[in-house]
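So you can see what is in the structure, the chains are spelled out below.
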Amino acid sequence: MAVLRISTPLRPYINGKSEVELQGETVLEVVEDLILQYPALRPHLFSSEGKLRAFVNLFLNDQDVRNLQGMETPVKENDRLVLVPSIAGGSRRDGCFPN
Amino acid sequence: MKIPVHILEQIDQWMERAYPEEGAGFLLGHDHPEREVEAVLALPNTREEAARRNRYLIGAQEMLEAEREAERLNLDVIGVYHSHPDHPSQPSAYDLEWALPWFSYLIIRVSDGRADGVQSWRLREDRGGFAEEPLDRVEAGGSRLLDATV
């Protein structure tokens, strides 16, 4: 059982809590258990193609899982995961500026 | 959403200072009994320099730190503000792609270096677009202006 801490804008989807206990032997399995328990979160974490949205960051015991084994990173009993979004946006896609 | 006039004025000044680049930061406050901004936290735009005229980015670490700061003040991070230099204060397709539910997205139009329009938006639950959130400008209220850009 791992503990996942979740950022403020997503807490309404987990009954207002800041942390939940989840099952899973990898980061992916833990996130899948999160979606199983709180299915309304799915469209905000995954695109319609089933890909994790670009703003989703996952830290395992304070380390970005991108620097570990990504979503396949093993999760042990009592590990702490944090799901936190990057915040981004901007005024337009077109024009001469980079996208 | 209730927001003190002096906070709006401060955000305008910060967004004018960032012009012609986009500026951004967090809105701190509470959601009950009604959504109200009580503090603002200005943050650096961490996109690469060439992209800052039409993009902003606040990284995950800054988000975590903002949540810690909000907790310290007994508040929540309730939204994000950012500017649209020489562009309307309406969300773009890129804003939609990156939008989080529940947050208020305050967008400030800055025309030729002058902040001259503001609107607030909330992501619709189906992620198909935004609904405009009325702004209730109040004279009194929050006084914490936290500038982490300098």
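Residues numbered from 1 in each chain as written. Chains lettered and ligands numbered in written order. Predicted model: local features only at pLDDT ≥ 70, side-chain atom pairs only at ≥ 80, totals over all residues. Heavy atoms only, no water.

### A word on the overall build of chain A
Moving on, step 1. For chain A, the helix and strand inventory stands at two helices and six strands.
Moving on, step 2. When its helices and strands are written in sequence order, chain A yields β-β-α-α-β-β-β-β.
Moving on, step 3. For the C-alpha atoms alone, the extent of chain A along its principal axes is close to 50 × 30 × 25 Å.
Moving on, step 4. In chain A, which comprises 99 residues, the share counted as buried stands at 51%. (Helix = DSSP H or I, 4+ residues; strand = E, 2+ residues; numbered from the N terminus. Buried < 20%, exposed > 50% of the residue type's maximum accessible area, 1.4 Å probe, protein only.)

### Notes on the side chain of Thr26(A)
All names here are of chain A.
Moving on, step 1. Its place among the elements puts Thr26 in the loop between strand 2 (19-22) and helix 1 (27-37).
Moving on, step 2. Residue Thr26 is classed as buried on the basis of its relative accessible area of 13%.
Moving on, step 3. Apart from residues no more than four positions distant in its own chain, Thr26 is found in contact with Met71, Glu72, Thr73, Pro74 and Val75. (Contact = heavy atoms within 4.5 Å.)

### So, the interface of chain A and chain B
Moving on, step 1. Each side of the interface is counted separately: chain A has 29 residues, and chain B has 39 residues.
Moving on, step 2. Note on chain A versus chain B: buried area summed over both sides is about 3,100 Å², and carbon and sulfur give 58% of it.
Moving on, step 3. Considering only the surface of chain A that becomes buried against chain B, Ile87(A), Ala88(A) and Ser91(A) emerge as the three largest contributors, covering 22% of it.
Moving on, step 4. Our count for the contact surface shared by chain A and chain B stands at one salt bridge. (Buried area = accessible area lost by both parts, 1.4 Å probe. Salt bridge = Lys/Arg side-chain N within 4 Å of Asp/Glu carboxyl O.)

### Structural notes on the sheet that holds strand 5 (residues 80-85) of chain A
Moving on, step 1. The mixed open sheet is built from five strands, whose spatial order is 2-1-5-3-4 (chain A). Where the open sheet ends on each side, the last strands, each with one partner, are strand 2 and strand 4 (63-64) of chain A.
Moving on, step 2. Seen against the sheet, helix 1 of chain A touches strand 1 (2-6), strand 2, strand 3 (56-60) and strand 5 of chain A and runs at an angle of roughly 110° to strand 2 of chain A.
Moving on, step 3. Packed onto the sheet, helix 2 (residues 60-72) of chain B meets strand 1, strand 3 and strand 5 of chain A and runs at close to 100° relative to strand 5 of chain A. (Pairing = 2+ DSSP bridges. Axes fitted to C-alpha atoms, helices over the stretch in contact; angles between N-to-C directions.)

### Some points on the packing of aromatic side chains
All names here are of chain B.
Moving on, step 1. With the rule as written, the count across this model stands at six aromatic pairs over all chains.
Moving on, step 2. Centre to centre, the rings of Tyr94 and Trp98 are 6.1 Å apart; their planes meet at 40°, and the pair counts as tilted. Here Trp98 and Tyr94 lie together in helix 3 (residues 93-98), a separation of four residues that amounts to about one turn.
Moving on, step 3. Taking relative accessible area as the criterion, Tyr94 reaches 6% and is therefore assigned buried.
Moving on, step 4. Considering the side-chain rings of Tyr105 and Phe130, the 6.0 Å spacing of their centres and the 80° angle between planes classify their relative orientation as edge-to-face. Taken together, the residues Tyr105 in strand 6 (residues 104-111) and Phe130 in strand 8 (residues 130-133) connect sequence positions 25 residues apart.
Moving on, step 5. The exposure class of Tyr105 is buried, given its relative accessible area of 4%.
Moving on, step 6. The class for Phe130 is buried, based on a relative accessible area of 16%.
Moving on, step 7. Taken together, the ring pairs in this structure connect Trp102, Phe103, Tyr105 and Phe130 into an aromatic cluster.
Moving on, step 8. Over the face of the ring belonging to Tyr94 we find Arg55, whose NZ or CZ atom lies 3.7 Å from the ring centre. (Phe/Tyr/Trp six-rings, centres within 6.5 Å; stacked < 30°, edge-to-face > 60°. Lys NZ or Arg CZ within 6 Å of the ring centre and 35° of its normal.)

### Some points on a negative patch on the surface
Moving on, step 1. Together, Glu25(A), Glu29(A), Glu32(A) and Glu72(A) make up a negatively charged patch on the protein surface.
Moving on, step 2. Mapping Glu32(A) onto the fold places it in helix 1. (Patch = residues over 30% accessible without salt bridge, like charges linked within 9 Å, V, L, I, M, F, W, Y side chains within 5 Å. Areas by Shrake-Rupley, 256 points an atom, 1.4 Å probe, with all protein chains shown as cover. Lys, Arg positive; Asp, Glu negative; His and termini not counted. Charge placed at Lys NZ, Arg CZ, Asp CG, Glu CD.)

### Looking at the side chain of Ser104(B)
Residues and elements named next belong to chain B.
Moving on, step 1. In this structure, Ser104 sits in strand 6.
Moving on, step 2. At a separation of 2.9 Å, a polar atom in the side chain of Ser104 contacts the side chain of Arg35.
Moving on, step 3. For Ser104, the side chain forms a polar contact with the side chain of Glu133, separated by 2.9 Å.
Moving on, step 4. In this structure, Ser104 is in contact with Met1, Leu27, Arg35, Ile78, Gly79, Val80, Ser120, Trp121, Arg122 and Glu133, ignoring residues within four places of it in sequence. (Polar contact = N/O pair within 3.5 Å; in protein donor to acceptor, adjacent residues only side chain to side chain.)

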